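Here is what each chain is made of, one letter per residue.
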Amino acid sequence: MPPRSPPARSRAAKRPPTRLTPPSKGRRVYMVAGGVTKFAKAHPEMDFRLMVKRAYDAALRDVPNLTKDRIDGTRISYFSDHFSRQLKAASMVQDYLGLNPKGSVRIEWGGATGGECFQAAYEAVASGRMDVCLGAGYETMSRVATWKGNEFIALASDTNFDFPLGGFYTGYYALMVVRHIYEYLRLGRFAHVKDEREAQRLAIAEGSRIMSMVSVKNHLNALHNPYAQYPKRLTVADVLASEMISYPLTREQICTMSDGAAAVILCDEARAKEFSDRPILVTGVGTGTDTMRLADRPFGKVPLMPRETSSDYTDLPYPGIHSFRAGRSAGLEAYKMAGITDPNRELDFIELHDAYASSEIQTYEDLGLCKYGEGYSFVERGDPFLKGVDYGFPTPKAGAIPVNPSGGLIACGHPVGATGLMQGVFAYWQLQERIPKHFGDAALQLPSPKRGAIHSHAGTGSAVTVSILERGYR
Amino acid sequence: MSAQVPVKTHFREVQEELDRSGRAIFRDKDGNESLVIRFPYSIQYIHSYAEDSPFFLGLADGKLKGSRCTKKGCRFAYATPRGHCMVCGSATEWVDLPLSGKVHSWTTCHFGSEAFLKETPYNLAMVEFEGFGSLLLVRLKDAIEPELYVGMPVEARFNPDPKYLVTDVWFVPKR
Ligand SMILES: [Zn+2]
């Protein structure tokens, strides 16, 4: 992939200039610093305290005027006490950073832990309780063997009805995508096939091929991200041929466990101007939830995005197990607050929670980048791909709305408590146009992006956060 | 560092050494040395099924129990029982589920948590039942991947030697 040319202005010029929409919920909140450690299979040389310290120090290097005494308090996130083998680990982070006796609280919300931490820090500033808040998170998943780690993750499913069947999250996501493929490929482009089993086989093969394109994209984007755990060039055939984990999901379509930490610093407007020449404004926050058990998800009506109508979904039982109602709910709330009515045109990129290639496609639809049922065509058209990159297959609409330009969870890794914050940091650097500085490589810098979204997702879609970030300077 | 603790430069070797001797020193590229030990941890919980108990007792009697909202005008029927209705908040009552249904979705798991690895590959299925508004997650046996499909009729089987786990019931293709 050649270095990309300097920022072109063409796309931005098509749209009305971005307004600095005042948040409807409290004070304006800006992000002024971010830092991440390299995500890795294991960091036995660093415990969680040191890992967060490294991310925190990296964030502070961005803002020389921001000294420790200016931080009013913290929100600290990690998902699992089991992985940490240390309860109240967030207190030890606060302690190690030397931030006692300032206020702090631990944030945990499954896979969305990092996204919730970002929003908790946002709320601390928006409410006026703090002027400057540090949000920091980590996970140390290498401390147990991989399949024990899967058990810890699956304990975040109903232990009466779900866990004893295999204790396996990939199995749950496989159930969801098999139904998603049934709803939209079997009943869509394979509707003409008479033999039911043959139609379903064809639909799954088609869905698997398209999911593999997402995996290729994210691994390939990550080649230019020095923080990523698994950057690599793959083909669709490689992804399909990788080990079957839970049919139809293969190893390369699934994120792995990681050690890593990330930190963000949010503050009010007056301090943002003092600390940073390129502050980034948080213009929208949204959250949503759904039932813990997949089995309980209702079959109701689709909550509509501004540009959808009920006639788009006359026969779609929603969400069932095929889509994430929590994601749609989070998107609707965040878009409303940010004044977004057409996310596909009004967002310049999204860093979203691709724990599985399947959930990336499902999330395009939840977030209204396309309608429900259009996720597979959206990939085939190339909308979520980077422009000017050779992925090994045609991507005619590449650059329309790059999704996971950083490489996402699939290629960067997923140290749960850090992941949603990592997305915040990557989005922040994108909007500042400082990807070249931080990645040492200009390839992933989008052409003058004005507005992006980050999306964090917990177990089977039981909770989702969406936050909208915009350039906060002229 | 101490000569009695083997020094390893790859994390994989550290794990292997822990299996052998319970201790290892990890030396990273920069020469930093970290002492790594094994730390066992196990728990026996006193786990009450509480309001879900009749479901698990039912399995031991060869019965599949769902629940239904008691409120007139709601009467939502749950294939996975809930003590209270998620639609209207009213208490539910226990009802028998049909012993056969249809596959709503399925997968074959080639891995699982540590405790389930020895059972791989195994099938999971979401089963839908006539007259019930929610689903039930089960193991699907006596069928392999190429035979499974959405809409497949399936029926329940019960463990004659109940373990009082949700796995006391499983489904098989309907004869
Ligand atoms: Zn009811």
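Everything quoted here is computed from the prediction, not taken from an experiment.

Chemist: Break down the pattern of salt bridges for me, citing the residues and quoting the values.
Modeler: Residue and element names in this part refer to chain A. All told, the structure shown has 47 salt bridges over all chains when counted by the stated rule. The closest approach of N and O atoms between Glu198 and Arg201, which form a salt bridge, is 3.4 Å. In this pair, Glu198 and Arg201 are both assigned in helix α8 (residues 196–221), 3 residues apart and thus about one turn of the helix distant. Look at Glu198 and you get partly exposed, because its relative accessible area is 32%. One continuous salt-bridge network, built from bridges that share partners, spans Arg27, Asp131, Asp268 and Arg271.

Chemist: Talk me through the coordination of the zinc ion; I want residue IDs and the actual numbers.
Modeler: All names here are of chain B. Donor atoms from the polypeptide that bind the zinc ion are Cys69 (SG), Cys74 (SG), Cys85 (SG) and Cys88 (SG), placed at 2.2 to 2.3 Å. If you look at the zinc ion, its 4 donor atoms make angles of 95 to 116° with each other, and the shape they trace is tetrahedral. Within one chain, the residues donating to the zinc ion are spaced in sequence as C-x4-C-x10-C-x2-C. Of this pair, Cys74 sits in the loop between β4 (65–69) and β5 (77–78) while Cys88 sits in the loop between β5 and β6 (92–96), and the two are 14 residues apart along the sequence. Its relative accessible area of 24% is what places Cys74 among the partly exposed residues. Residue Cys88 is classed as partly exposed on the basis of its relative accessible area of 30%.

Chemist: Which residues make up the sheet that holds β6(B), and what values do they have?
Modeler: Residues and elements named next belong to chain B. Read across the open sheet, the 3 strands follow the order β5-β4-β6; overall the sheet is antiparallel. One side of each edge strand has no neighbouring strand; the edge strands of this open sheet are β5 and β6. Taken together, the 2 bridges between β4 and β5 define a ladder with antiparallel strand orientation. Residue pairing across strands places Ser67 opposite Tyr78, the latter belonging to β5.

Chemist: So what's going on with the pairing of strand β2 (residues 73–77) of chain A? Residues and values would help.
Modeler: All names here are of chain A. Burial analysis of β2 places 5 of its 5 residues in the buried class, which makes it a mostly covered element. By the alternation rule, side chains of β2 split into Gly73, Arg75 and Ser77 and Thr74 and Ile76, which are all buried. Looking at chain direction, β2 and strand β3 (residues 103–107) are connected through 5 bridges and run parallel. Bridged to Arg75 within β3 is Val105. Note: β2 against strand β4 (residues 132–140), 5 bridges, orientation parallel. The partner of Ile76 across the bridge, within β4, is Ala136.

Chemist: So what's going on with the domain arrangement of chain B? Which residues, and what values?
Modeler: Examined at the domain level, chain B breaks down into domain 1 (7–37) and domain 2 (51–173). The centre of domain 1 of chain B, based on its C-alpha atoms, is set 45 Å off from the matching centre of domain 2 of chain B.

Chemist: So what about the pairing of β4(B)? Which residues, and what values?
Modeler: All names here are of chain B. A large share of β4 lies buried, amounting to 4 of its 5 residues. Relative to β6, β4 is paired through 5 bridges, and the arrangement is antiparallel. Considered in β6, the bridge of Ser67 is made with Trp94.

Chemist: Now, about the interface of chain A and chain B: what can you tell me, with residues and values included?
Modeler: With 47 residues of chain A at the contact, the number on the chain B side is 47 residues. In total, about 4,300 Å² of surface goes out of reach between chain A and chain B, with carbon and sulfur atoms giving 65% of it. Across the chain A-chain B interface, the total number found is 2 salt bridges. A salt bridge links B:Glu114 to A:Lys148; the shortest N-O distance between them is 3.5 Å. In this structure, the connection of chain A to chain B is made through 19 residue pairs in polar contact (both at pLDDT 80 or more). Going through the elements one at a time, α6 (146–154), α7 (169–189), α8 and β5 (244–246) of chain A are the ones with two or more residues in the side of chain A that touches chain B. The element contributing the most residues to the side of chain A that touches chain B is α7(A), with 7 residues. Of the residues contributing to the side of chain A that touches chain B, the split by class is 24 nonpolar, 10 polar and 13 charged.

Rules and cut-offs
Residues numbered from 1 in each chain as written. Chains lettered and ligands numbered in written order. Predicted model: local features only at pLDDT ≥ 70, side-chain atom pairs only at ≥ 80, totals over all residues. Heavy atoms only, no water. Salt bridge = Lys/Arg side-chain N within 4 Å of Asp/Glu carboxyl O. Helix = DSSP H or I, 4+ residues; strand = E, 2+ residues; numbered from the N terminus. Buried < 20%, exposed > 50% of the residue type's maximum accessible area, 1.4 Å probe, protein only. Donors = N, O, S within 2.8 Å, 3.2 Å for Na, K, Ca; no water. Tetrahedral: all angles 85-135°; square planar, octahedral: opposite > 155°, others 65-115°. Pairing = 2+ DSSP bridges. Domains from an automatic or database assignment. Contact = heavy atoms within 4.5 Å. Buried area = accessible area lost by both parts, 1.4 Å probe. Polar contact = N/O pair within 3.5 Å; in protein donor to acceptor, adjacent residues only side chain to side chain. Nonpolar A, V, L, I, M, F, W, Y, C, P; charged D, E, K, R; others polar.

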